[in-house]
Amino acid sequence: MKMPPILTRGRRGAAVVMAALATIGLASTPASGAPVSIYARSTTPDSYAYASFQWSDNGGVYNIDMSVHDWECDGHPTYAYFQTYRAGSQTYGTTVRRYDHSGCDTSDSTSWSNLYIPDSGDKITSLRLRVCVDDAGSDTCKWGNPRQRPRA
């Protein structure tokens, strides 16, 4: 059965629009899955970091929402950062430290939204979070469990 011309033009037009959007990168989402959660916790001193993120199809990590909680009343700020593992170069890297200076308040934290870690030409295959207290001498830190990129 032959399609009426109006439907043929409509489908052809939609295909042209989708092709144009794909060309400029708007037709497909960079996500390769649902959001993933990750955390790190230290009980002495009491500090916590949490993040949710998505793996991007191009090898990076995006849509990162991160919070750092300083629950200790010690005058020392808490910070957190990510450690990445890149499969191609077999190297580890770290991100910028993100600080919370609030202290003493379990209902307070410092948060960031829409952060990203680019692929830099080498796919990130593992990500983990570290929480630290900026105290005297070497900082007191705890690693969270690593999250592995799902295999395609």
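Everything below is about the structure shown above.
Remember, predicted model here, so these are calculated numbers, not experimental data.

About the criteria used
Residues numbered from 1 in each chain as written. Predicted model: local features only at pLDDT ≥ 70, side-chain atom pairs only at ≥ 80, totals over all residues. Heavy atoms only, no water. Helix = DSSP H or I, 4+ residues; strand = E, 2+ residues; numbered from the N terminus. Polar contact = N/O pair within 3.5 Å; in protein donor to acceptor, adjacent residues only side chain to side chain. Contact = heavy atoms within 4.5 Å. Phe/Tyr/Trp six-rings, centres within 6.5 Å; stacked < 30°, edge-to-face > 60°. Buried < 20%, exposed > 50% of the residue type's maximum accessible area, 1.4 Å probe, protein only. Lys NZ or Arg CZ within 6 Å of the ring centre and 35° of its normal. Pairing = 2+ DSSP bridges.

Our focus in this paragraph is the side chain of Gln83. With respect to the helices, strands and loops of the structure, Gln83 is situated in strand β4 (residues 78-86). A polar contact of 2.7 Å, which involves the side chain of Gln83, links it to the side chain of Arg128. What Gln83 contacts, discounting residues up to four positions off in sequence, is Tyr92, Gly93, Thr94, Ser126, Leu127, Arg128 and Trp143.

It is worth spelling out the packing of aromatic side chains at this point. As enumerated under the stated definition, the model contains seven aromatic pairs in all. With 5.2 Å between their ring centres and 90° between their planes, Phe53 and Trp55 make a pair best called edge-to-face. Among the residues examined, Trp55 registers a relative accessible area of 3% and is labelled buried. Consider the rings of Tyr85 and Tyr92, whose centres lie 4.8 Å apart with planes at 50°: the pair is tilted. Residue classification places Tyr85 among the partly exposed residues on the basis of a relative accessible area of 22%. Taken together, the ring pairs in this structure connect Tyr79, Tyr81, Tyr99 and Trp143 into an aromatic cluster. Lying over the aromatic face of Trp143, Arg128 brings its terminal NZ or CZ to 3.8 Å of the ring centre.

With that settled, consider the pairing of strand β8 (residues 124-133). β8 sits mainly inside the fold: eight of its ten residues count as buried. In this structure, β4 lies alongside β8, joined through nine bridges in antiparallel fashion. Each residue of the ladder has a partner; that of Gln83, found in β8, is Arg128. Bridge count between β8 and strand β10 (residues 147-148): two bridges; the pairing is antiparallel. Within β10, the residue paired with Leu127 across the bridge is Arg147.

Structurally, His76 is set in the loop between β3 (61-70) and β4. Assessed through its relative accessible area of 29%, His76 is described here as partly exposed. Taking the C-alpha atoms as reference points, His76 and Ser102, separated by 26 residues in sequence, lie 9.3 Å from one another. In this structure His76 touches Asp70, Val133, Asp134, Asp135 and Ala136, once residues within four positions along its chain are discounted. At a separation of 3.3 Å, a polar atom in the side chain of His76 contacts the main-chain carbonyl oxygen of Asp134.

Next up on the list: the environment of Arg98. For Arg98, the location among the structural elements is in strand β6 (residues 98-100). The spatial distance from the C-alpha of Arg98 to the C-alpha of Trp112 is 8.7 Å, given a sequence separation of 14 residues. Beyond its immediate stretch of four places on either side in the chain, Arg98 contacts Met66, Val68, Thr78, Tyr79, Ala80, Trp112 and Leu115.

Everything listed here is a matter of coordinates, which is why it stays silent on function.
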